[in-house]
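Fold and contact review
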Amino acid sequence: MKKKGYWLVFLVLTLCLLTSPAMAQKHYLNMGSTSSTSGVYAWCVATANVINKSQNDIQVTVIESGAALDNLRKIKAGVFDFALCVDLPSAFQMVRGMDTFQKEKWEDVRWLFTRNITADRLYVRKDSGVTTFKELKGKKFCPGIPGSASADYIFKFNDLLKADIKLMPAAIGDAVDAMKNGAIIGLSKTSPLDSLDAAMIEVNLTLPITVIGYSEDDVAKIRERYPYMIFLETPKGKIKQLPEVGPIMEECAIVGAVASARLPEELGYKIVKAYVENLEEVASAYPAIKGWDPVADFFKNVPPGGEIYAHAGLIRYAQERGIEVPERFIPPEYKK
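For every chain, the first residue of its written sequence is number 1, and the numbers climb from 1 along that sequence. Local features in a predicted model are, by the rule used here, given only for residues with pLDDT of at least 70; side-chain atom pairs are given and counted only at 80 or more, and totals for whole chains, interfaces and linings are based on all residues. Values shown for side chains rest on all heavy atoms present in the structure; no hydrogens or waters enter the calculation.

Once that is clear, we can look at the overall build of the protein chain. Helical segments are the DSSP runs of H or I of at least four residues, strand segments are the runs of E of at least two, and each set is numbered from the N terminus. Regarding its fold elements, the protein chain presents 12 helices and 10 strands. Seen through its principal axes, the protein chain has C-alpha atoms that stretch 95 × 40 × 35 Å. When accessible area is computed with a 1.4 Å probe and restricted to protein chains, residues below 20% of their type maximum are described as buried, those above 50% as exposed, and intermediate ones as partly exposed. For the protein chain, the proportion of its 336 residues judged to be buried stands at 52%. Between two residues, a contact is recorded if the distance between any of their heavy atoms is within 4.5 Å. If you take every contact in the protein chain between residues at least 6 apart in sequence, the share linking residues at least 24 apart comes to 72%. In short, Shrake-Rupley with a 1.4 Å probe defines the accessible areas, and a residue's cover is counted only from the protein chains shown. In the structure as shown, the protein chain presents an accessible area of about 15400 Å², 55% of it carried by carbon and sulfur atoms. Counted as positive: Lys and Arg. Counted as negative: Asp and Glu. His and the chain ends are not counted at all. Working definition for charges: the position is that of NZ of Lys, CZ of Arg, CG of Asp or CD of Glu. Side-chain charges of the protein chain comprise 41 positive and 40 negative groups, with the mean position of each set lying 4 Å from the other.

Pasting the structure below:
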């Protein structure tokens, strides 16, 4: 009996150790991001940091990438477990198998959380005299990072509108240098609605720049062909560093993080929870997220017909917070 008692104590202690947090299974996840030269890269690193510090048995590795389109393809391939810097229109195209992803349809893309709504802003040298997209005709312009969604859209718009712009994709650092030395007239850079991108603020200190938009006719033609594109009016004075700019029409996007249906609900939930509940820390590294709700703003701002499914973990977290999740966002794998 005495020996059996020892074995019983040993068994109980062993089970306690195996089920304790210290012995819990560690999940190592690869997170797609963007170019390390981008100002948005700080957001990616800060996001990974708060997830890793949340004692949720998740260890995230940040991997540099070509942004949205590259991230989506690598999630599909299983290279990334989830990714940041993905805009909703790109994700929508992959889910539907249209336009950019015409031969790459994949319905398992799931929205994780929202970063903010941004403008794919068109920057040009102020001395260029250019005021609209089509006035870039015949000029050299950088549409963005090769493989990025914003660059891809500008190629589409250029073809659709027959603008005949000489597009030269490049990393942001190379594009800025080319703009400064006059090799290109300007570049496109994803930016907050009310501010210049951080890199462009620095450029403006030594090389005066301005922001241009699309004409109403351009917008109408683009929307007719690409109904998932969003254009918002930027009123005069909205861009704080360039109060004289406006009103102009800019192409905008809901941007955030996506995963696939393969990512378990529990892991998605822990990722969303860590991000939302440590938002102030992330904002200290990337202030552009201030004022945006990572959960509610997705369900609130996506128009009917333009949505993709939310990740089961996001839905679980939203419902815990009392946020209504419309039926159109709920994927078939979600267990109510």
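So much for the structure itself; the text now carries on.
Let us now look at helix α5 (residues 149-160). Multiplying one less than the number of residues by 1.5 Å gives the expected span of a helix. For α5, which comprises 12 residues, the first-to-last C-alpha distance of 16 Å matches the rise-based estimate of 16 Å (1.5 Å per residue) to within 8%. At the exit of α5 stands K162, carrying a positive phi of roughly 50 degrees.

The next point concerns the packing of helix α9 (residues 265-277) against helix α12 (residues 312-320). Axis separation between α9 and α12 bottoms out at 7 Å; the angle between their running directions is 55 degrees. As summarised for this structure, α9 and α12 are arranged oblique, according to the angle between their axes. Read as a crossing pair, α9 and α12 show a hand that is right-handed. When α9 is examined against α12, the residues E265, E266, G268, Y269, V272, K273, V276 and E277 are found in contact with a partner set consisting of A312, G313, L314, R316, Y317 and E320. Here an axis means a line fitted to C-alpha atoms, over the contact stretch when the element is a helix, while the angle between two N-to-C directions is reported on a 0 to 180 degree scale. Reported orientations rely on four angle classes, namely roughly parallel under 35 degrees, roughly antiparallel over 145, roughly perpendicular from 65 to 115, and oblique for the rest. Crossings are assigned a handedness: left-handed for a near helix turned anticlockwise from the far helix by less than a right angle, right-handed for a clockwise turn.

Our focus in this paragraph is unusual backbone geometry. Of the consecutive residues G246 and P247, the connecting peptide bond is found in the cis state with omega at -5 degrees. Inspection of the secondary structure assignment puts P247 in the loop between β9 (230-234) and β10 (248-260). In this structure, Q55 takes a positive phi of about 50 degrees despite not being glycine. Under the relative-accessibility criterion, Q55 is labelled exposed at 76%. Residues other than glycine seldom take positive phi values, yet K162 does so here, at roughly 50 degrees. Structurally, K162 can be placed in the loop between α5 and β6 (166-167). A residue is classified by how much of its surface remains accessible, and K162, at 66% relative accessible area, is exposed.

Ring pairs are drawn from Phe, Tyr and Trp, using the six-membered ring of Trp, whenever the two centres fall within 6.5 Å, and their geometry is named by plane angle: stacked under 30 degrees, edge-to-face over 60, tilted for the rest. Under the definition given, this model contains 13 aromatic pairs. Ring centres of F298 and F299 lie 5.4 Å apart, and the angle between their planes is 65 degrees; this geometry places the pair in the edge-to-face category. With respect to burial, F298 and F299 carry one shared label: buried. Seen from their ring centres, F299 and F329 are 5.1 Å apart, and the 80 degrees between their planes marks the pair as edge-to-face. Of the two residues, F299 is situated in helix α11 (residues 296-301) and F329 in the segment after α12; the sequence distance between them amounts to 30 residues. Every member of this aromatic cluster is reached through a ring pair, and the members are W111, F298, F299 and F329. One cation-aromatic arrangement involves R115 over W43; the distance from NZ or CZ to the ring centre is 5.0 Å. Each ring is checked for a lysine NZ or an arginine CZ that lies within 6 Å of its centre and within 35 degrees of its normal; such an atom marks a charge sitting over the ring. We note R316 situated over the ring of Y269; from NZ or CZ to the ring centre the distance is 3.8 Å.

Axis separation between helix α4 (residues 88-96) and α5 bottoms out at 10 Å; the angle between their running directions is 75 degrees. Taken together, α4 and α5 sit at an angle that is classed as roughly perpendicular. Across from P89, S90 and Q93 in α4, the residues of α5 making contact are A149, Y153 and K156. Note that Gly is not counted as nonpolar here; it falls among the polar residues with everything else outside the nonpolar set of Ala, Val, Leu, Ile, Met, Phe, Trp, Tyr, Cys and Pro and the charged set of Asp, Glu, Lys and Arg. Class assignment of the residues belonging to the contact of α4 with α5 gives a composition of three nonpolar, two polar and one charged.

What follows covers the nonpolar core. What tends to happen in soluble globular proteins is that the nonpolar side chains get buried as a cluster. Residues belong to one nonpolar core when they are buried, are Ala, Val, Leu, Ile, Met, Phe, Trp, Tyr or Cys, and are joined through side-chain atoms within 4.5 Å. Membership of the largest hydrophobic core comes to 94 residues, with the highest contact counts inside it found for W43, F82, F133, F298 and F299. Filtering out sequence-adjacent residues up to four positions away, F82 remains in contact with L29, N30, M31, G32, I51, V60, I75, L112, V258, A259 and I271. In this structure, Y123, A178, M179 and I209 belong to the second largest nonpolar core, which totals 20 residues.

Here the focus is the side chain of T114. Within the secondary structure, T114 sits in strand β4 (residues 109-125). Apart from residues no more than four positions distant in its own chain, T114 is found in contact with I254, V255, G256, Y275, D293, P294 and F298.

Here we take up the pattern of salt bridges. Counted as salt bridges are all cases of a side-chain nitrogen of Lys or Arg within 4 Å of a carboxyl oxygen of Asp or Glu. Per the stated rule, a full pass over the model turns up 19 salt bridges. In this structure, the salt-bridge partner of D99 is R225, at a minimum N-O distance of 3.0 Å. With a gap of 126 residues between them, D99 in the loop between α4 and β4 and R225 in helix α8 (residues 216-225) connect regions that are remote in the sequence. D99 sits in the buried class, given a relative accessible area of 17%. E250 serves as the salt-bridge partner of R121, at 2.8 Å between the closest nitrogen and oxygen. Remark: E250 occurs in strand β10 and R121 occurs in strand β4; sequence separation between them is 129 residues. Both residues of the pair, R121 and E250, belong to the buried class. Connected through shared salt-bridge partners, E265, E266, R316 and E320 make up one network.

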